[in-house]
Amino acid sequence: MNRPKITIEKNILDKAIEILTVMLIIISAVIIGIYYNQLPEKLPIHFNWPSKDKNGFGSKDLLWVSPIICGIIGLAIYKLNQYPWIFNYPTEINEQNVRYNYKMSTQMLRIIGLIIGFMCLSLTLISILNGLGNTTEFEKYFQPLFPVLLVGIPIFYIIKIVMNKKSRQNAV
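From a predicted model like this one, the values you see are computed outputs, not experimental measurements.

S.K.: Even after reading the chapter, I still don't get the confidence of the model for the protein chain, so can you show me in this structure?
M.R.: The predicted coordinates should not be examined in detail at positions where pLDDT is low. Overall, the prediction assigns the protein chain a mean pLDDT of 86, with 90% of residues at 70 or greater. Considering each helix and strand of the protein chain separately, the mean pLDDT is smallest for strand S2 (residues 57–59), with a value of 77, and largest for helix H1 (residues 12–35), with 96.

S.K.: What's the story with the packing of aromatic side chains in this structure? I'm lost.
M.R.: Pairs of aromatic rings are described using the distance from one ring centre to the other and the angle between the two planes. Counted under the stated rule, the structure contains 5 aromatic pairs. Between Tyr36 and Trp64, the ring centres sit 6.2 Å apart and the planes meet at 40 degrees, which makes this aromatic pair tilted. A residue pair is termed long-range when its members are at least 10 positions apart, and Tyr36 in the loop between H1 and strand S1 (42–44) and Trp64 in the loop between S2 and helix H2 (65–80) qualify at 28 residues. Judged by its relative accessible area of 30%, Trp64 falls in the partly exposed class.

S.K.: For this particular structure, what's the right way to read the pattern of salt bridges?
M.R.: Side chains that differ in charge, positive against negative, can pair when their charged atoms come close. According to the stated counting rule, one finds 5 salt bridges in the structure shown. Among the salt bridges present, the one from Arg110 reaches Glu18, with a minimum N-O distance of 2.8 Å. One end of the pair, Arg110, is in helix H3 (residues 98–131); the other, Glu18, is in helix H1, and 92 residues separate them in sequence. Note on Arg110: relative accessible area 7%, which makes it buried. The class of Glu18 is buried, set by a relative accessible area of 16%. Of the charged contacts, one joins Lys60 and Glu41 as a salt bridge, the two residues approaching to 3.5 Å between their closest N and O atoms. Separated by 19 residues along the polypeptide, Lys60 in the loop between S2 and H2 and Glu41 in the loop between H1 and S1 bring together distant segments of the chain. Judged by relative accessible area, which is 53%, Glu41 ranks as exposed. Overlapping salt bridges, with partners in common, bring together Lys10, Asp14, Glu18, Lys103 and Arg110 in one network.

S.K.: Is there a simple way to explain the packing of H2 against H3 in this structure?
M.R.: When two helices pack together, their arrangement is captured by the angle between the axes and the distance separating the axes. Running from amino to carboxyl end, H2 crosses H3 at an angle of 170 degrees, the nearest separation of the two axes being 10 Å. Regarding the angle of H2 to H3, the classification is roughly antiparallel. Across the interface between the two elements, Ser66, Pro67, Cys70, Ile73, Ile77 and Leu80 from H2 touch Leu109, Ile112, Gly113, Ile116, Cys120, Leu123 and Thr124 from H3. Its residues assigned to classes, the contact of H2 with H3 shows 10 nonpolar, 3 polar and no charged.

S.K.: Help me out: how do you make sense of the layout of surface pockets in this one?
M.R.: It is a probe the size of a water molecule, rolled over the atoms, that shows where empty space is left. Estimates place the volume of the largest pocket at around 230 Å³. Considering the residues around the largest pocket, the lining is formed by 14 residues, among which Glu18, Thr21, Val22, Gly74 and Tyr78 are closest to the centre. Where the lining of the largest pocket is concerned, the elements lending two or more residues are H1, H2 and H3. Looking at the lining of the largest pocket residue by residue, the class counts come to 7 nonpolar, 5 polar and 2 charged.

Conventions adopted
Residues numbered from 1 in each chain as written. Predicted model: local features only at pLDDT ≥ 70, side-chain atom pairs only at ≥ 80, totals over all residues. Heavy atoms only, no water. pLDDT = per-residue confidence, 0-100. Helix = DSSP H or I, 4+ residues; strand = E, 2+ residues; numbered from the N terminus. Phe/Tyr/Trp six-rings, centres within 6.5 Å; stacked < 30°, edge-to-face > 60°. Buried < 20%, exposed > 50% of the residue type's maximum accessible area, 1.4 Å probe, protein only. Salt bridge = Lys/Arg side-chain N within 4 Å of Asp/Glu carboxyl O. Axes fitted to C-alpha atoms, helices over the stretch in contact; angles between N-to-C directions. Parallel < 35°, antiparallel > 145°, perpendicular 65-115°, else oblique. Contact = heavy atoms within 4.5 Å. Nonpolar A, V, L, I, M, F, W, Y, C, P; charged D, E, K, R; others polar. 1 Å grid on protein atoms, 1.4 Å probe; cavity = no way out; pocket = protein on both sides within 12 Å on 5 of 7 lines; lining within 4 Å. Points joined across faces, edges and corners; volume = space filled by probe spheres on them.

Written out as structure tokens, the structure is:
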């Protein structure tokens, strides 16, 4: 696999997406810090892994898991984006399409990172609001939205790359 190793320059939107992603995760942690002492010891959580509680309740300490894991994922995506030549592509990479394909793949990962940042913030807010006794309606809308986005965004970008390949072939 001898793909060109070129650097894709980030435009203002790319930089803004990366900054917003980091800010969303940091805001999640700050919100937890602000409300931590006001929360009951047990509160509803939206993941079952660390608590293994069958009723969906866990220690308020579990709130910190979301920003930590999302921060690690965000950092991994940021670092991975520096090496777009190691990604898998639905088309052969050559000198004619390298910039476009690398740009699309790095852009896709940035948007996925942003979605993960929004997911982190929304899970944090929902858990804190529920822990404080407030019911929220938006959780029933957000929970199905995130998996759709996390699957739909890569499909969109794969179609975009394949369509670019076909348009280049038709132009020749």
